[in-house]
Amino acid sequence: MTHKKIYITRHSRFYLLILLFMLPLAPSAQESYRDITQTDILNTIRLYADYACNTLIDEEGKSRCDYNIITGKWSSYETPWHTGQLINALLDVYELTKDTKYLKKAIECGKWWTSLEIKDRPPLKGMIKGIHGNHIDNNLIVFATISDGTPGLYHLSQVTQNPEYARIATNAARWMLNNMYDAKSGLCYDNVDFRTGQVIKSATDFNKKLYYLSRPNTEGYLFKDAFLFSKDTLFRTAFLTLCDSLISFQTPEGLWMNFKPNDISKGVFHPRYNLWNAESLLEAYDMTGDLRYLNSAMKTARFYSKYQQPDGAMFYYAKLNGYIDKSTICSSESAFAGLIWIRLINYGMTEFTTNVDSSLSWLMNACFSQSHPDPNLKGAVIETSIQVKHGVTTIINRDLGTIFALRFLVKYYNSKFV
């Protein structure tokens, strides 16, 4: 794949200047990965993990999600999956450092997550109240809002030897298997109306406000984890059916452009969605040894390896034709792609070594300085979302940069030094 010339619009340059003047970065922004030591990585892991514990997690034990730099206010966005990913990251840090403060915070978040179990609505009993939030209807439960958060719950059960977290996640998986999974199409419906328990199967069912109706929906490989926990082979069969569907629906560049949140009409691809699919395919490969899954994931990894910038940066808004809006910094993409690349390197695919080193350099340096005047940003990894609507400018820093950076840095540390 060859990208065309990268264009940066006057609009995006203007907001980049805003960021540069308003948001001082850590002083070592040009540091090469060659200058980064084992101690540097460990110290940065602690810095980001402490920020996560002290700032990202609210008094209820859930992620605060999106921080509006202009108004100084936080807003929720698919809180169950953000919180589940935060649990996963903190557990990685705990297992590396053995510092129990990270485990305690992960347990606190796990208690909040499991409190979402639906017990008093018979049509939804056992399901999780995985409300999307933000601009989506507050009565909409979204499949991926739940499934993207469940790896942290299964991880928490493993670390604490408490099966309750995994049990609740598996109960939700069973509800979704029974009500949202369509074996014939190899897809799962995306949405459930919380008020009625009805699975949404057409746009008219929910006032035509839906972005999508069904996808392979194997982000977070929930059915695989549910199988390993419950030993119910129905979960295994469904998981592999969805992964087979990923192979059949993969478009030539290695993505899944026919499914939202990719936008095939504009040629815009989502920064993480395709990586989640690739991660699930690698889980299927580990389970079966079937090279079809590995080869499909490799296509995705190679696409992202060519799209990554030399300094390791990656961006929310990018097109297949090479256009990139560089005001939309997506550190979580650099980290998540890095996790996939490290995994493939461990399989012997050394072609991704330079990409991993670039991700390391970026994620060690793309953070707000510890002397930053705003305590909500001090020590956070940069993850920007900039919008102008009705003359009002919104600049958001998202929690996902810090969360995925933690996962990547721990994985990198373990691959190099443990």
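So, how was this worked out
Residues numbered from 1 in each chain as written. Predicted model: local features only at pLDDT ≥ 70, side-chain atom pairs only at ≥ 80, totals over all residues. Heavy atoms only, no water. Helix = DSSP H or I, 4+ residues; strand = E, 2+ residues; numbered from the N terminus. Buried < 20%, exposed > 50% of the residue type's maximum accessible area, 1.4 Å probe, protein only. Contact = heavy atoms within 4.5 Å. Areas by Shrake-Rupley, 256 points an atom, 1.4 Å probe, with all protein chains shown as cover. Core = buried A, V, L, I, M, F, W, Y, C linked by side-chain atoms within 4.5 Å. Pairing = 2+ DSSP bridges. Salt bridge = Lys/Arg side-chain N within 4 Å of Asp/Glu carboxyl O. Axes fitted to C-alpha atoms, helices over the stretch in contact; angles between N-to-C directions. Left-handed = near helix turned anticlockwise from the far one by under 90°. Disulfide = S-S within 2.5 Å. Phe/Tyr/Trp six-rings, centres within 6.5 Å; stacked < 30°, edge-to-face > 60°. Lys NZ or Arg CZ within 6 Å of the ring centre and 35° of its normal.

(A) Summary view of the overall build of the protein. When its secondary structure is counted, the protein shows 14 helices and nine strands. Burial status across the protein gives 58% buried among its 418 residues. Looking at the protein alone, contacts between residues at least 24 apart form 69% of all its contacts between residues at least 6 apart. A total of about 17300 Å² of accessible surface is found on the protein, and carbon and sulfur atoms cover 51% of it.

(B) Inspection of the side chain of Arg407 at higher detail. Turning to its location among the elements, Arg407 is positioned in helix H14 (residues 400-417). Taking relative accessible area as the criterion, Arg407 reaches 10% and is therefore assigned buried. Ignoring sequence-local partners within four residues, the contact set of Arg407 consists of Gln85, Asn88, Ala89, Asp92, Glu279 and Leu339.

(C) Highlighting the nonpolar core. In terms of nonpolar packing, the biggest core is built from 128 residues, with Met127, Phe223 and Phe408 touching the most fellow members. It is H14 that provides the largest number of residues to this core, a total of 10 residues. In this structure, Phe223 is in contact with Phe143, Ala173, Met176, Leu177, Tyr181, Cys188, Phe235, Ala238, Phe239 and Leu242, ignoring residues within four places of it in sequence.

(D) Quick peek at the pairing of strand S9 (residues 392-398). Across three bridges, the pairing between strand S1 (residues 66-68) and S9 is antiparallel. Residue pairing for S9: Asp66 is matched across the bridge by Arg398. The pairing of strand S8 (residues 384-389) with S9 spans six bridges and is classified as antiparallel. Bridge pairing in S9 links Thr384 to Asn397.

(E) Quick peek at the pattern of salt bridges. Counted by the stated rule, this structure contains 21 salt bridges. Here Lys105 makes a salt bridge to Glu108, at a shortest N to O gap of 3.5 Å. Placement of both Lys105 and Glu108 in helix H4 (residues 100-114) is noted, with a separation of three residues, approximately one turn of the helix. A salt bridge links Arg292 to Asp290; the nearest nitrogen and oxygen atoms lie 3.1 Å apart. For Asp290, a relative accessible area of 25% translates into the label partly exposed.

(F) Geometry of unusual backbone geometry. With an omega dihedral of 10°, the bond running from Lys260 to Pro261 counts as a cis peptide bond. Relative to the assigned elements, Pro261 resides in the loop between helix H9 (233-249) and helix H10 (273-288). The backbone of Cys65 shows a phi angle near 75°, a positive value even though the residue is not glycine. Tracing the backbone through its elements, the reader meets Cys65 in the loop between helix H2 (38-56) and S1. Cys65 sits in the buried class, given a relative accessible area of 0%. A positive phi angle is found at His390, which is not glycine, with a value near 55°. Examined against the element boundaries, His390 turns out to sit in the loop between S8 and S9. A residue is classified by how much of its surface remains accessible, and His390, at 86% relative accessible area, is exposed.

(G) Inspection of the environment of Ile396 at higher detail. Mapped onto the elements of the fold, Ile396 is located in strand S9. If we ignore the near neighbours within four places in the chain, the residues touching Ile396 are Asp66, Tyr67, Asn68, Ile69, Glu383, Thr384 and Ser385.

(H) Local environment of the packing of helix H3 (residues 79-97) against helix H6 (residues 150-160). Packing of H3 against H6 brings their axes to within 7 Å, and their N-to-C directions diverge by 35°. Two packed elements cross with a definite hand, and for H3 against H6 that hand is left-handed. The segment H3 lies against H6, with Gly84, Ile87, Asn88, Leu91, Asp92, Tyr94 and Glu95 engaging Pro151, Gly152, Leu153, His155, Leu156 and Val159.

(I) Representation of the sheet that holds strand S4 (residues 181-182) in the model. If you walk across this open sheet you meet the three strands as S4-S5-S7, and the pairing is antiparallel. Bordering the open sheet on either side are S4 and strand S7 (214-215), each of which pairs with just one other strand. The pairing of strand S5 (residues 187-189) with S7 spans two bridges and is classified as antiparallel. Within the sheet, the bridge partner assigned to Tyr189 lies in S7 and is Ser214.

(J) The arrangement of the state of the cysteines in detail. This structure, assessed with the given rule, holds zero disulfides. Cysteine Cys109 remains unbridged, with the sulfur of Cys53 as its closest cysteine sulfur at 8.0 Å.

(K) Main features of the sheet that holds S1. Reading across the sheet, the four strands line up as S2-S1-S9-S8 and stay open at both edges, with antiparallel pairing between neighbours. Edge positions in the sheet fall to strand S2 (73-75) and S8, since each has one partner strand and no second. In this sheet, adjacent strand axes meet at a mean angle of 30° when their direction is disregarded. Here S1 runs beside S2; their pairing, made up of three bridges, is antiparallel.

(L) Structural view of the packing of aromatic side chains. Summed over all chains, the structure comprises 20 aromatic pairs. On the basis of an interplanar angle of 90° and a centroid distance of 6.0 Å, the ring pair of Phe269 and Tyr304 is categorised as edge-to-face. Here the residue Phe269 occupies a position in the loop between H9 and H10, and Tyr304 occupies one in helix H11 (residues 291-307), the gap between them amounting to 35 residues. The buried category is assigned to Phe269, whose relative accessible area is 1%. For Tyr304, a relative accessible area of 0% puts it in the buried group. Ring geometry for Phe408 and Tyr412: centres 6.0 Å apart, planes at 35°, overall tilted. With Phe408 and Tyr412 both in helix H14, this residue pair falls four residues apart, about one helical turn. Judged by its relative accessible area of 7%, Tyr412 is buried. Through pairs of rings, three or more aromatic residues link up here, namely Trp81, Trp276, Phe336 and Phe404. Above the face of the Phe194 ring, Arg121 is positioned so that its terminal group lies 4.0 Å from the ring centre. Its end group placed over the ring of Tyr293, Arg292 keeps NZ or CZ at 5.0 Å from the ring centre.

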